[in-house]
Each structure stands twice: as C-alpha cells, then as structure tokens.
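These are the residues of each chain, in order.
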Amino acid sequence: MTDMELLARAKEAKNFSYAPYSGFHVGAALLCEDGSVYTGCNIENAAYSPTNCAERTALFKAVSEGKRGFAAIAVVGDRGERVTPCGVCRQALAEFVEPDRFRIVMEDGRGGAWSAYLKELLPYAFTPDNLKSVSATKKD
Ligand code: THU
C-alpha cells in the first residue's frame, strides 16, 4: 500500500470524527505488517479530557483485535496540511512499534505525502525496556 493510499483511508475515517468542541476533525489509518489496515477518528467529550485522538482510536482497535507488528500510520486533518501526532499518541505507538522502522505519514500541504520515523518524533522514548530493571529486582 502506498503512502497516498494510506492517507486516503485516513480521510475516509475522518468522516466519522466526533469533534463538536474543537471543530478539528482528524482521521488515521494504521497499516499492519500483515497488510491489514485499522482506521480511527478523534472522539471528543463534553468533559474534554476523555477525548481520544484518531491515532489512538486506530491503534487500540488493532491491538484489541490481536494485532501486533505495525508498519506505518497515516494522519489527516481538514486542510490538507501536516498533522503530527500529539505526545500521548507518540507514546502509545512507541509501546508497540520499532521506532526506527515505523513511519508516521502526513499530508504535505501540496497534495502529497510527507513521512517521518517515530524515532524522529519521539527520541529517547520511555519504553517497556525501561521497566526491565525494575521487574528483575522487585520482591513482590
Ligand atoms: N487530535 C487528534 O485526533 N490527533 C492529533 O494528532 C492531534 C489532535 C484531536 C484531538 C482533539 O479532538 C482535536 O484533535 C483538537 O486537539
């Protein structure tokens, strides 16, 4: 699947965006290494903090259905411009992907695609590796 095709899937998902408070509609499409695609949109809430971003919607849908091994995620907003994942979404993705291989695909503002590796967007991430020393030493 090309980056433009993945962006097209993210645009379809954006149609379901529930964003009555910000008016900022986002769609995402997560490409699994087996070629399957999981889509998501942002889902806002009157209490604000329960809001879920499009990227995490797609990721959690995929993980909750047993998927592991992800290649890329496309993210789109309304304006054809670059929408980079928020810090929480970068951290959520870092749990499940190889940061120097997994790409974030975004629109470039000129009708094309632009991408970056997660490692570029979240250097020195806190990962499950950071907890290994704790689980090796803890008593209970
Ligand atoms: N949002 C996303 O869904 N993904 C992003 O990468 C940036 C922000 C959503 C959250 C909220 O519903 C709206 O955009 C404004 O922040």
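Going by the structure above, here's the rest.
Fair warning: this is a prediction, and the values are worked out from it, not measured in the lab.

**Things to note about the nonpolar core**
Turning to step 1, where the next piece is worked out: Counting 25 residues, the largest nonpolar core has Leu30, Phe70, Phe102, Ile104 and Leu118 as the members making the most contacts within it.
Turning to step 2, where the next piece is worked out: Elements supplying a minimum of two residues to this core: strand 1 (27-32), helix 2 (54-64), strand 3 (70-76), helix 3 (87-94), strand 4 (103-107) and helix 4 (118-121).
Turning to step 3, where the next piece is worked out: Here this core gets 5 residues from one element, more than from any other, and that element is helix 2.
Turning to step 4, where the next piece is worked out: Sequence-distant contacts of leucine 30, that is, excluding residues within four places in its chain, are made with Ser36, Val37, Tyr38, Ala58, Leu59, Ala62, Phe70, Ala72, Ile73 and Phe102.
Turning to step 5, where the next piece is worked out: Residues Leu6, Leu7, Ala72 and Val105 belong to the second largest nonpolar core, which totals 10 residues.

**Things to note about the sheet that holds strand 3**
Sheet strands pair via backbone hydrogen bonds, and the direction of the pair is either parallel or antiparallel.
Turning to step 1, where the next piece is worked out: With mixed pairing, the 5 strands of this open sheet are ordered in space as 2-1-3-4-5. Of all strands in the sheet, those with a lone pairing partner are strand 2 (37-41) and strand 5 (113-117), marking the two edges. Each strand of the sheet is rotated relative to its neighbour by a mean of 20 degrees, with strand direction disregarded.
Turning to step 2, where the next piece is worked out: Pairing of strand 1 with strand 3, which is carried by 6 bridges, proceeds in the antiparallel orientation. Residue pairing across strands places glycine 27 opposite valine 76, the latter belonging to strand 3.

**Focus: the packing of helix 2 against helix 3**
Turning to step 1, where the next piece is worked out: Two elements in contact, helix 2 and helix 3, have axes whose closest approach is 9 Å; the angle formed by their N-to-C orientations is 20 degrees. Classified by the angle between their axes, helix 2 and helix 3 sit roughly parallel to one another. Relative to helix 3, the crossing made by helix 2 is left-handed. Seen from helix 2, the contacting residues are Glu55, Arg56 and Leu59; seen from helix 3, they are Val88, Cys89, Ala92 and Leu93.

**Looking at the site of the ligand**
Turning to step 1, where the next piece is worked out: In the vicinity of the ligand lie 13 residues, with Asn42, Glu44, Cys53, Ala54 and Glu55 positioned nearest.
Turning to step 2, where the next piece is worked out: A distance of 3.0 Å is found between an oxygen atom of the ligand and a side-chain nitrogen or oxygen belonging to asparagine 42.
Turning to step 3, where the next piece is worked out: In the model, an oxygen atom of the ligand is placed 2.9 Å from a nitrogen or oxygen of the alanine 54 main chain.
Turning to step 4, where the next piece is worked out: Residue composition of the shell around the ligand, by class: 7 nonpolar, 4 polar and 2 charged.

**Describing the pairing of strand 2**
Turning to step 1, where the next piece is worked out: Strand 2 sits mainly inside the fold: 5 of its 5 residues count as buried.
Turning to step 2, where the next piece is worked out: Taking every second residue as pointing to the same face, both faces of strand 2 are buried, with Val37, Thr39 and Cys41 on one and Tyr38 and Gly40 on the other.
Turning to step 3, where the next piece is worked out: Two elements, strand 1 and strand 2, share 5 bridges in a ladder whose sense is antiparallel. If you follow alanine 29 over to strand 2, its bridge partner there is threonine 39.

Here is what the cut-offs are and how they apply
- Residues numbered from 1 in each chain as written.
- Predicted model: local features only at pLDDT ≥ 70, side-chain atom pairs only at ≥ 80, totals over all residues.
- Heavy atoms only, no water.
- Core = buried A, V, L, I, M, F, W, Y, C linked by side-chain atoms within 4.5 Å.
- Buried < 20%, exposed > 50% of the residue type's maximum accessible area, 1.4 Å probe, protein only.
- Helix = DSSP H or I, 4+ residues; strand = E, 2+ residues; numbered from the N terminus.
- Contact = heavy atoms within 4.5 Å.
- Pairing = 2+ DSSP bridges.
- Axes fitted to C-alpha atoms, helices over the stretch in contact; angles between N-to-C directions.
- Parallel < 35°, antiparallel > 145°, perpendicular 65-115°, else oblique.
- Left-handed = near helix turned anticlockwise from the far one by under 90°.
- Near = heavy atom within 4 Å.
- Polar contact = N/O pair within 3.5 Å; in protein donor to acceptor, adjacent residues only side chain to side chain.
- Nonpolar A, V, L, I, M, F, W, Y, C, P; charged D, E, K, R; others polar.

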